[in-house]
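# Observations on chain architecture
Here's the letter readout for the chains.
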Amino acid sequence: MNQKILKLENLLRFRTLCRQLHGLGQRRPLAQWRHLFSSVYPVWTAQLCVRPWQTDVLIGAALSQYRLLVTKKEERLRKSQLSSTKSKKEVEVWIGITIEELARAMDKDIDYIYEALMNTAIDIDSLEANSHLDEVWIKEVIKKAGMKIKWSKLKQDKVRENKDAVRRPQADAALLTPRSPVVTIMGHVDHGKTTLLDKLRKTQVAAMEAGGITQHIGAFLVSLPSGEKITFLDTPGHAAFSAMRARGAQVTDIIILVVAADDGVMKQTVESIQHAKDAQVPIVLAINKCDKAEADPEKVKKELLAYDVVCEDYGGDVQAVHVSALTGDNLMALAEATIALAEMLELKADPTGPVEGTVIESFTDKGRGPVTTAIIQRGTLRKGSILVAGKSWAKVRLMFDENGKTVNEASPSLPVGITGWRDLPSAGDEILEVESEPRAREVVDWRKYEQEQEKNIEDLKMIEEKRKEHQEAHRKAREKYGTLNWKERSFMKYQEKKEQKPLKSKEKTERDSNVLPIIIKGDVDGSVEAILNIMDTYDASHECELELVHFGVGDISENDVNLAETFRGVIFGFNVNAGNVIQQSAAKKRVKIKLHKIIYRLVEDLQEELSSRLPCTVEEHPIGSLTSLKHHKDDVSVIKTGMDCGLSLDEEKIEFKVGDEIVCYEEKEVLAKTSWDPGF
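Here the structure is a predicted model, which is why all the values come from computation and not from measurement. (Residues numbered from 1 in each chain as written. Predicted model: local features only at pLDDT ≥ 70, side-chain atom pairs only at ≥ 80, totals over all residues. Heavy atoms only, no water.)

### Some remarks on the overall build of the protein chain
Along the backbone of the protein chain there are 20 helices and 27 strands. Counting all 680 residues of the protein chain, 38% fall into the buried class. If you sum the accessible surface of the protein chain, you get close to 40,400 Å²; carbon and sulfur atoms cover 51% of it. (Helix = DSSP H or I, 4+ residues; strand = E, 2+ residues; numbered from the N terminus. Buried < 20%, exposed > 50% of the residue type's maximum accessible area, 1.4 Å probe, protein only. Areas by Shrake-Rupley, 256 points an atom, 1.4 Å probe, with all protein chains shown as cover.)

If you want it as structure tokens, here you go:
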């Protein structure tokens, strides 16, 4: 603007000077001046007419008016630019936004979004209100609407304050009191751990358990003649329950490792040692079955050296006790060794304040509802306490011990059954006491919200990956159809769709036969977890796909049967029941229900079901028979080695070459067997 004013100033000075000289020479009237300036600069036209000789005044007035006009023009231009910018509505969107959410953010109806996406590469017919849009289509819609886009990493919810419950700070040493040790018995299957525990607590648990194998974690309190008490966690020794054994090691103080003197170190023995090391829990070695003639305790001790388990006899710090769970020999010595180690550990806990503990097991009881077995680790649990565990909460309605006897309170290290849960928590969940029911609901709501946010993040990652795949496919499609006109492009797409013929009924049957949908129901949370862990080892999807439709705790229900009918699946139940009405409904709907009480029997049944879905294999079995056999012209039944002969075969179109070997065989179809090996 300054350069323009400078040019105008020079021009006006020169023009005024010329006019002055001309006016002085010829005395022409000033009407021309008035005519020249009146239309453009009316403010100072009068001044020019009155005093044409005041050049500086005229120039100053002209410059002032010009500056005013230029300034107003620039302001109008700037305001118009600002108004055009402000007129664009800013729309906040995120990757994976749905059509409905985008319409709401733009303050439009859903039909507007569909119209904006017409005449684009996206298939309008496949879109629903809850369909997620890729980035390219989000930009396209907002661009057509004349709006401004604002990206957000996530669907923006109101920032919520963390309302979670946490453990208290470490207690003052003055508040700590001695507590009983929590002991876990671990070992290989059939090495006698359940029999050993049965002898200690004087009950017949082993006789009640099918197959002699412990099925899930139980917690029991054992009182010794000396007055000391020990809390035992009876974790299963079977390979299927490695995760449950690991969970038991997290809340235990001492591990009793049971090894059979006649069998030695086995696979689950090594796993138990690793769990103890990971949890940094000391070991007491119980060498069982020492009453057998073939028992060799020294061999066991030597084998354990390879796993850094060094007994006191070999200069280590691991106590080794030779026992017989069957006869009860030396069991008191094992208990005393455990108590001695507990005294060295100086186990203490704070029995005051809000309760802290761990869920050992959870299940649903018909009369009591959701029930948990828990170990209290801090505080004292009483009836009416408000507890939170995982995404469930409870107002303690009833507490009972391992024998079903009602107890009024539970102090640290004591196992206790708890009823009053609104939902069933998972085994391994941390138990915390809170001050009120509203506070419990607040904690559970926060944890569910946090889980939802984590799921949203995972979903966004998947959406982003799918978006990239879609963009790459779209790019390749554009390259493929790029040089074609719309008629050629439409014809080519029609031909491609025509080639994609629907599956025939036979092909559909073959495809369905290569998929086994299953439903898992168990008596307790830990049993279901163990079965799912076994399924995680499935590695034969190339033969038959194993599809988990549903899993849960409790007896077989009508909903399970309906799901199995819908997916053409099989229901596997472990330690659960299926009533007569349910079984009749399943038979009517042709749904298989397979109930088991031993874990490895269930797995074997699952393997057989998988094998039944595989196509039969054809095996060739040599049979050696002919239609005729001749020596020269005579029919014979036997030809000795070295003699020539003539053969007649059923097959007419066959050619022989010198040196060919003739074998007669028959083909037999043999049932295939799945290659999946769960490890036991």
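So that's the structure; there's more coming.
### A short note on the sheet that holds strand β11 (residues 356-365)
What links the strands of a sheet is backbone hydrogen bonding, and the strands pair in either a parallel or an antiparallel sense. Strand order around the closed barrel formed by 6 strands is β11-β12-β17-β15-β14-β18, with antiparallel pairing between neighbours. Neighbour-to-neighbour, the strand axes of this sheet turn through a mean angle of 50 degrees, independent of strand direction. With 3 bridges joining them, β11 and strand β18 (residues 430-434) adopt antiparallel strand pairing. Within the sheet, the bridge partner assigned to Gly-357 lies in β18 and is Ile-431. (Pairing = 2+ DSSP bridges. Axes fitted to C-alpha atoms, helices over the stretch in contact; angles between N-to-C directions.)

### What about the packing of aromatic side chains?
Going through the model one piece at a time under the given rule, you end up with 2 aromatic pairs. Relative to Tyr-449, the ring of Trp-446 lies with its centre 5.5 Å away and its plane at 40 degrees, an arrangement referred to as tilted. Of this pair, Trp-446 and Tyr-449 both sit in helix α14 (residues 437-481), 3 residues apart, which is roughly one turn of that helix. Like Tyr-449, Trp-446 is buried. Here Tyr-538 and Trp-676 contribute two aromatic rings whose centre-to-centre distance is 5.3 Å and whose plane-to-plane angle is 75 degrees, an arrangement assigned as edge-to-face. Taken as a pair, Tyr-538 in the loop between α17 (525-535) and β20 (545-553) and Trp-676 in the segment after β27 (665-670) lie far apart in primary sequence, 138 residues in all. Using a relative accessible area of 12% as the deciding quantity, one classes Tyr-538 as buried. A cation over an aromatic ring shows up here: Arg-368 above the ring of Phe-400, its NZ or CZ 4.2 Å from the ring centre. Over the aromatic face of Trp-393 sits the side chain of Arg-422, whose NZ or CZ is 4.1 Å from the ring centroid. (Phe/Tyr/Trp six-rings, centres within 6.5 Å; stacked < 30°, edge-to-face > 60°. Lys NZ or Arg CZ within 6 Å of the ring centre and 35° of its normal.)

### Things to note about the sheet that holds β20
Read across the sheet, 4 strands follow the order β20-β19-β21-β22 without closing on themselves; strand pairing throughout is parallel. The sheet terminates laterally at β20 and β22 (592-596), the two strands that pair on one side only. Between one strand axis and the next, the sheet turns through 20 degrees on average, direction left out of account. Examined bridge by bridge, strand β19 (residues 515-522) and β20 share 8 bridges and lie parallel to one another. Residue pairing in the sheet places Pro-517 in a bridge with Glu-547 of β20. Contacting β19, β20, β21 (570-574) and β22, helix α20 (residues 599-612) runs over the sheet at an angle of about 170 degrees to β21. (Contact = heavy atoms within 4.5 Å.)

The values reported here are purely geometric and, on their own, carry no functional implication.
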